Amino acid sequence: MQKVFFRKIGVKSYKPGKSILLNRKKVIKLSANESALGFSPLIKRKISKIKLLSRYPDSKSKSLRKQISKKFKCNFDQIICGAGSDEIIQMICQLFLRKSDEVIIPKYSFLMYRIYSGIIGAKIVYAKENNFKISVDEILKKVTRRTKVVFLANPNNPTATYLSSTELKDLRKRLRSNILLVVDDAYEEYMLNKNYRSGLSLFKNFKNVFILRTFSKIYGLASLRVGWGYGSKEIVSALMKIKPPFNVSKIGEISALESLKDKNFINKSIKHNKKWAKILKTNFERFNINTNSITANFLFLNFDKCKISSRLFKKKLEEKGIIVRSLEVYGIKNKLRITIGNSKENIFLIKTLKSIFLNV
Ligand SMILES: Cc1ncc(COP(=O)(O)O)c(C=O)c1O
């Protein structure tokens, strides 16, 4: 037998939140920060008319990039589309990192930053957070001459905290200029906080900042896998060489493009999120389950003052068919992350919450 040899991949693979429960046909899935209201009705109409699915899609997603550049007032040739922003994170790691390089990642942040950096073999350096909030000073403390990239999501998943625009600008100012700062704007559309500004609006013209965006959250297209990145022309043209040729499907591209046109749907989703996040927060707090202040379309639930543990609470929700995200894979104990669902799901959740505490 011939043996083939390959690299040892010393990273734990991504463990998504559960999406099914044994013995249950119907579940309420509040574990992956997907859109509460699905996607724009414009998309359904458009998809039914798509022809030529037997042909490859446009390898450079030109129509979508044009629409993005129009909508976000940014340059067409600084945009790259990916199979989710996930794929763009992977490409950034491929482009920037080698084995001897260091990447700084806040202690509790989106897992794919560490997974893709780890696959390349780069050294991952975790920056402490203060009370589950990213700290600019802690990031800066970790910089060495080997640091190549800093990743952060703003607002951050899973903690739901965020850096103000002043803090984010301060980070860029004090970070060595040849270190790439990646700002992941995945949840920016939900952000109504006054001192928040998206990475895109702050750093559009910075050559040492790369922005990530996704159609998986407020646009409701998680299963179609469409995201985009924005950076200098030089970075984007190098990423274009790394990019698999047909990474965004035709249905994905057309749906994303339509979704950008439906402002009403986005406004409706923002309103829905604002209303329900507040109602859910109040209800959780009645039972001493504390949350961070409202930011994105999910809440970070803290059970430290609650009479039951996060594990028991999660189990009890699952018995009723509700799935939430355990944060143990992030190394966070006694906390859960829950996505704001649609109205029916939220009403059922509140009812379940009350019944759980009535019986413990
Ligand atoms: C902060 C953050 N970035 C990126 C992603 C990935 O999004 P996509 O579906 O575009 O790959 C997620 C998904 O949960 C996320 O929370």
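Residues numbered from 1 in each chain as written. Predicted model: local features only at pLDDT ≥ 70, side-chain atom pairs only at ≥ 80, totals over all residues. Heavy atoms only, no water.

Observations regarding the overall build of the protein
Then comes step 1: Within the protein, the secondary structure is distributed over twelve helices and 15 strands.
Then comes step 2: In terms of overall size, the protein behaves like a compact globule, its C-alpha atoms giving a radius of gyration of 21 Å where 360 residues would be expected to give roughly 21 Å.
Then comes step 3: C-alpha extents for the protein along the principal axes are approximately 60 × 60 × 55 Å.
Then comes step 4: Within the protein, the fraction of its 360 residues that count as buried is 53%.
Then comes step 5: Summarising the internal contacts of the protein: among those between residues at least 6 apart in sequence, 74% fall at separations of at least 24.
Then comes step 6: Summed over its atoms, the accessible surface of the protein is roughly 18,200 Å², and 53% of this surface lies on carbon and sulfur atoms. (Helix = DSSP H or I, 4+ residues; strand = E, 2+ residues; numbered from the N terminus. Rg over C-alpha atoms; globule rule 2.2 N^0.38 Å. Buried < 20%, exposed > 50% of the residue type's maximum accessible area, 1.4 Å probe, protein only. Contact = heavy atoms within 4.5 Å. Areas by Shrake-Rupley, 256 points an atom, 1.4 Å probe, with all protein chains shown as cover.)

Quick look at helix α10 (residues 263–286)
Then comes step 1: With 24 residues, α10 should cover 34 Å at 1.5 Å per step; its first-to-last C-alpha distance of 35 Å lies within 8% of that length.
Then comes step 2: For α10, the set of buried residues is Phe 265, Ile 266, Ser 269, Ile 270, His 272, Asn 273, Trp 276, Ala 277, Leu 280, Lys 281, Asn 283 and Phe 284.
Then comes step 3: Along its buried surface, α10 packs onto α1 (41–47), β11 (290–291), β12 (298–302), α11 (310–319), β15 (335–339) and α12 (343–358).
Then comes step 4: Downstream of α10 by a residue or two, Asn 288 has a phi angle that is positive, lying close to 60 degrees. (Expected span 1.5 Å × (residues − 1).)

Some points on the site of the ligand
Then comes step 1: Lining the immediate surroundings of the ligand are 13 residues, of which Ser 85, Asn 157, Asp 184, Thr 214 and Ser 216 lie closest.
Then comes step 2: A distance of 2.5 Å is found between a nitrogen atom of the ligand and a side-chain nitrogen or oxygen belonging to Asp 184.
Then comes step 3: Arg 225 places a side-chain nitrogen or oxygen 2.8 Å from an oxygen atom of the ligand.
Then comes step 4: Out of a free accessible area of 400 Å², the ligand has 92% covered by protein chains.
Then comes step 5: Ranked by the residues each element gives to the shell around the ligand, the list is headed by helix α3 (residues 84–96), at three residues.
Then comes step 6: For the shell around the ligand, the per-class residue count stands at four nonpolar, five polar and four charged. (Near = heavy atom within 4 Å. Polar contact = N/O pair within 3.5 Å; in protein donor to acceptor, adjacent residues only side chain to side chain. Nonpolar A, V, L, I, M, F, W, Y, C, P; charged D, E, K, R; others polar.)

Structural notes on helix α2 (residues 62–71)
Then comes step 1: Along α2, the positions that sit buried rather than exposed are Leu 64, Arg 65, Gln 67, Ile 68 and Ser 69.
Then comes step 2: Considering only its buried residues, α2 is in contact with β2 (79–82), β10 (227–230), α8 (233–242) and α9 (250–261).

Points about the environment of Phe 210
Then comes step 1: Within the element layout of this structure, Phe 210 appears in strand β9 (residues 209–214).
Then comes step 2: Judged by relative accessible area, Phe 210 falls into the buried class, the value being 0%.
Then comes step 3: Linking Phe 210 and Val 136, residues 74 residues apart in sequence, is a C-alpha distance of 17 Å.

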